Amino acid sequence: MKKETNNAKDNKKQMMLNENIMTLLPKMAVPTITAQLITTIYNLVDTYFVSTLGTNATAAVGVNSSLERLITVIGSLIGAGACSYIARLLGAKKDEHANQVLSTSIFTGLGLGVIFMIVGKLILGDMVYWLGATEECATYSMQYGTYVLYAAPFMIGSFILNMCLRSEGSATYSMIGIGFGGILNCFLDPLFIYGLDLGVAGASMATAISKTISFIILLMPYVRKTTIVEISIRKFRMVWHDVKEVVAIGSSSFFRSLLTVCASVAINRVAGSYSTSSLAALSVATRIMEFPFAFILGFGQGYQPVVGFNWGAKVWERVKKSYTIGCAMAVGGSVLMGAIIFIFAKPLIRVFNSQADAEVLRLGMLCVRLQCFGLIAHALSSQVNMFFAGIGKAVLALVANFARQGYCFYPALLILPRFFGVEGVAATQAVADLLSAFVIVPLFFYGLKVIRLAEEGKIEVKENKRHH
């Protein structure tokens, strides 16, 4: 049995180092894309069932999506940093060190999740208003947030386990773990909302249970010891060099997630100042655009371990191929999805507008169709960010991250509503995406230069040596 396990581990390593990039990237990316899409589907299921309770309930879903993202911000800081670091350690054949990094990361994440749950419960009433709730939807927002907070430790833990499974090439199992929870949520929603007559609170319970089940499934391969990297409380080591490395690289994903939350809160608050219907419209548009976003993020999460593993192994040609082919595939996919969503925007909005609110339909269509034009820039931005994070270039990853929902987003949000009113709010994210291209395109070409300089030995490549 042990021999079979070791053979499986060796096969995963050989796959990362030798399999054709054109087949390896889809093999790694399809499971992560599928997992992201399933998550998006059950977010849409939440929105659909809750939307039948009225416009105020629909607006509450948009507010609480920011709460869920806030929870995963913690997971992204630890998970993304650990994923990149572990992939490079495995590429450099430092398996025991990788075990210690993962063990420390998962137990730290669970502890932070418990703290977030306790603090969140204490300030939930104030927090929903800070997240953008209006007086009309605040009660629904608090009902939804209550049970999601109970699942906070498991949501953070799932994020870390999901990313670290991908770092060793186990993308398919990570998809199963996330996917099963998403499918379960689709069945629990109608049962709890209608069957048990729990309303919005039922949707929150369904989400919390589904997230917890996903965590258990993702943990199982580590319990059975079928993974390359192992989890053990005995391997918990809070070593400064490792903490610094995880946080430095994870800060890119952390700030991306945090900026997404802040941007969502900011635009919710501005939209809510016009009407609850405007807030509901942006909530529905955001859920619909999560489909192409899931593809973009899932693809990047799939190809990042390939880049990191080969960077650690110093196989420069494979690093370059992963980078260029990965960016091309992501951009091509975003064009196709953007065209489909643009054409079917109206019927998609109508599905989640059961009250036939004309303002929700009008603003939702405008927001969705405008964002379709910015998908190319969004796709390239995500892949460039994942590349720099994957090779350990934290500062460059941060520069890429801050573009879309940082220094391009907030000027657009401040200026557009002043001239175009609520239509300007609907256009904000699309304009920010287009502006970010002026930052991302030069960074893409600089990434090629970094690979060339590393190959020529003109820049330092971290050996991932451990310091005590």
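Here's a quick rundown of the structure. (Residues numbered from 1 in each chain as written. Predicted model: local features only at pLDDT ≥ 70, side-chain atom pairs only at ≥ 80, totals over all residues. Heavy atoms only, no water.)

### What to know about the overall build of the protein
We apply this condition: Runs of E in the DSSP output that reach at least two residues are strands. Runs of H or I that reach at least four are helices, and both are numbered from the N terminus. For this measure, only C-alpha atoms enter the radius of gyration; the expected value for a globule follows 2.2 Å times N^0.38, where N is the number of residues. Think of it in three bands: residues with accessible area under 20% of the maximum for their type are buried, residues over 50% are exposed, and the middle band is partly exposed, with areas taken using a 1.4 Å probe on protein chains only. Any two residues whose heavy atoms approach within 4.5 Å at even a single point are treated as in contact. Each accessible area value is a Shrake-Rupley result obtained with a 1.4 Å probe; residue values ignore everything except the protein chains displayed when judging cover.
Of the regular secondary structure elements, the protein holds 18 helices and 0 strands. Radius of gyration (C-alpha) of the protein: 21 Å, near the 23 Å computed for a compact globule of 468 residues. A buried classification covers 61% of the 468 residues belonging to the protein. Within the protein, counting contacts between residues at least 6 apart in sequence, those at least 24 apart form 85% of the total. With an accessible surface of roughly 18,000 Å², the protein has 68% of that area assigned to carbon and sulfur atoms.

### Details of the side chain of serine 204
We apply this condition: By the criterion applied in these results, polar contacts are pairs of N or O atoms within 3.5 Å in which, for protein atoms, one can donate a hydrogen and the other can accept it, and in which residues neighboring in sequence qualify only through two side-chain atoms.
Position of serine 204 among the secondary structure elements: in helix H9 (residues 200-223). Of the residues examined, serine 204 reaches a relative accessible area of 0% and is grouped as buried. For serine 204, the side chain forms a polar contact with the main-chain nitrogen of tyrosine 147, separated by 3.4 Å. Other than its neighbours up to four places away in sequence, serine 204 contacts Gln143, Tyr144, Gly145, Tyr147 and Val148.

### What about the layout of surface pockets?
Selection rule: For cavity detection a 1 Å grid was placed over the protein atoms alone, and a set of points counts as a cavity when a 1.4 Å probe fits there but cannot get out; an open set counts as a pocket when protein lies on both sides within 12 Å along at least five of seven lines, with lining residues being those that have an atom within 4 Å of a point. Grid points are joined across faces, edges and corners, and a volume is the space filled by probe spheres set on the points. In the scheme used here, Gly and all other residues not listed as nonpolar or charged are polar, with Ala, Val, Leu, Ile, Met, Phe, Trp, Tyr, Cys and Pro taken as nonpolar and Asp, Glu, Lys and Arg as charged.
Considered as a void within the structure, the largest pocket measures approximately 210 Å³ in volume. Every residue lining the largest pocket is counted, 15 residues in all, and those nearest its centre are Thr104, Ser105, Met238, Val243 and Val246. Counting residues per element, the ones that place at least two in the lining of the largest pocket are helix H3 (55-91), helix H4 (95-122) and helix H10 (240-274). For the lining of the largest pocket, the element with the most residues is H4, which contributes 6 residues. Grouping the constituent residues of the lining of the largest pocket by class yields 9 nonpolar, 4 polar and 2 charged.

### Things to note about the packing of aromatic side chains
Where we set the bar: By convention, a stacked pair of Phe, Tyr or Trp rings (six-membered ring in the case of Trp) has centres within 6.5 Å and planes under 30 degrees apart, an edge-to-face pair has planes over 60 apart, and any other such pair is tilted. Only lysine NZ and arginine CZ atoms are considered, and such an atom sits over a ring when it is within 6 Å of the ring centre and within 35 degrees of the ring normal.
Under the definition given, this model contains 10 aromatic pairs. Their ring planes at 35° and their centres at 6.1 Å tell us that phenylalanine 295 and phenylalanine 299 sit as a pair that is tilted. Placement of the pair is phenylalanine 295 and phenylalanine 299 together in helix H11 (residues 276-313), with a separation of 4 residues, close to one helical turn. The exposure classification of phenylalanine 295 matches that of phenylalanine 299, with both residues buried. With centroids separated by 5.2 Å and ring planes inclined at 35°, the aromatic side chains of tyrosine 323 and phenylalanine 444 adopt a geometry described as tilted. Here tyrosine 323, found in helix H12 (residues 316-343), pairs with phenylalanine 444, found in helix H18 (residues 422-455); they are 121 residues apart in sequence, far enough to count as distant. Residue phenylalanine 444 is classed as buried on the basis of its relative accessible area of 16%. Here a set of aromatic residues connected by ring pairs shows up, and it is made of Tyr323, Phe387, Phe388, Phe444 and Phe445. When the ring centre of phenylalanine 293 is taken as origin, the NZ or CZ atom of arginine 404, which lies over that ring, is 5.0 Å away.

### Structural notes on the nonpolar core
What counts here: Within this scheme, the nonpolar core is defined by two criteria: the residues are buried Ala, Val, Leu, Ile, Met, Phe, Trp, Tyr or Cys, and they are joined through side-chain atoms within 4.5 Å.
Ile86, Val384 and Phe387 are the most contacted members of the largest nonpolar core, which totals 121 residues. In terms of residues, this core owes the most to one element, H11, which gives 16 residues. Those residues in contact with valine 384 that sit more than four places away from it in its chain are Tyr303, Tyr323, Ala400, Ile440, Leu443 and Phe444. Core analysis: the next-biggest nonpolar cluster, separate from the first, contains 10 residues, Ala263, Leu282, Cys408 and Leu413 among them.

### Some details on helix H6 (residues 138-150)
Stated formally: Here, expected helix span is obtained from the residue count minus one, scaled by 1.5 Å.
Over its 13 residues, H6 runs 19 Å from end to end, which matches the ideal 18 Å to within 8%, given 1.5 Å per residue. Among the residues of H6, Ala138, Ser141, Tyr144, Gly145, Thr146, Val148 and Leu149 are the ones counted as buried.

### A look at the packing of helix H16 (residues 394-407) against H18
Counted only if it meets this: The axes used here are C-alpha line fits, helices contributing only the stretch in contact, and every angle between their N-to-C directions lies in the interval 0 to 180 degrees. In this scheme, roughly parallel covers angles under 35 degrees and roughly antiparallel covers those over 145, while 65 to 115 is roughly perpendicular and the rest are oblique. Definitions for this section: a left-handed crossing has its near helix turned counterclockwise from the far helix by less than a right angle. A right-handed crossing has that turn clockwise.
It is the contact of H16 with H18, at a shortest axis distance of 8 Å, that shows an interaxial angle of 165°. Relative to H18, the element H16 is oriented roughly antiparallel. Between H16 and H18 lies a crossing whose hand is right-handed. Along its contact with H16, which presents Leu396, Val399, Ala400, Ala403, Arg404, Gln405 and Tyr407, the element H18 presents Gln429, Ala432, Asp433, Ser436, Val439, Ile440, Leu443 and Tyr446.

### Quick look at the pattern of salt bridges
Here is the rule we go by: Salt-bridge detection follows one rule: a side-chain nitrogen of Lys or Arg within 4 Å of a carboxyl oxygen of Asp or Glu.
Within the structure shown, the criterion is met by 4 salt bridges. Of the charged contacts in the structure, one is a salt bridge between arginine 362 and glutamate 423, with a shortest N-O distance of 2.8 Å. A residue pair is termed long-range when its members are at least 10 positions apart, and arginine 362 in helix H14 (residues 358-373) and glutamate 423 in helix H18 qualify at 61 residues. What makes glutamate 423 partly exposed here is its relative accessible area of 29%. Within the structure, one salt-bridge network assembled from shared partners comprises Glu359, Arg362 and Glu423.

### Things to note about the packing of H12 against H14
Put simply, H12 and H14 touch, their axes get as near as 9 Å, and they point 160° apart. Between H12 and H14, the angle falls in the class roughly antiparallel. For the crossing formed where H12 meets H14, the hand is left-handed. Mapping the contact onto sequence places Gly338, Ile341, Phe342 and Ile343 in H12 and Val368, Arg369, Cys372 and Phe373 in H14. Each residue belonging to the contact of H12 with H14 can be placed in one class, and the counts come to 6 nonpolar, 1 polar and 1 charged.

Read these as spatial facts, not as claims about activity.
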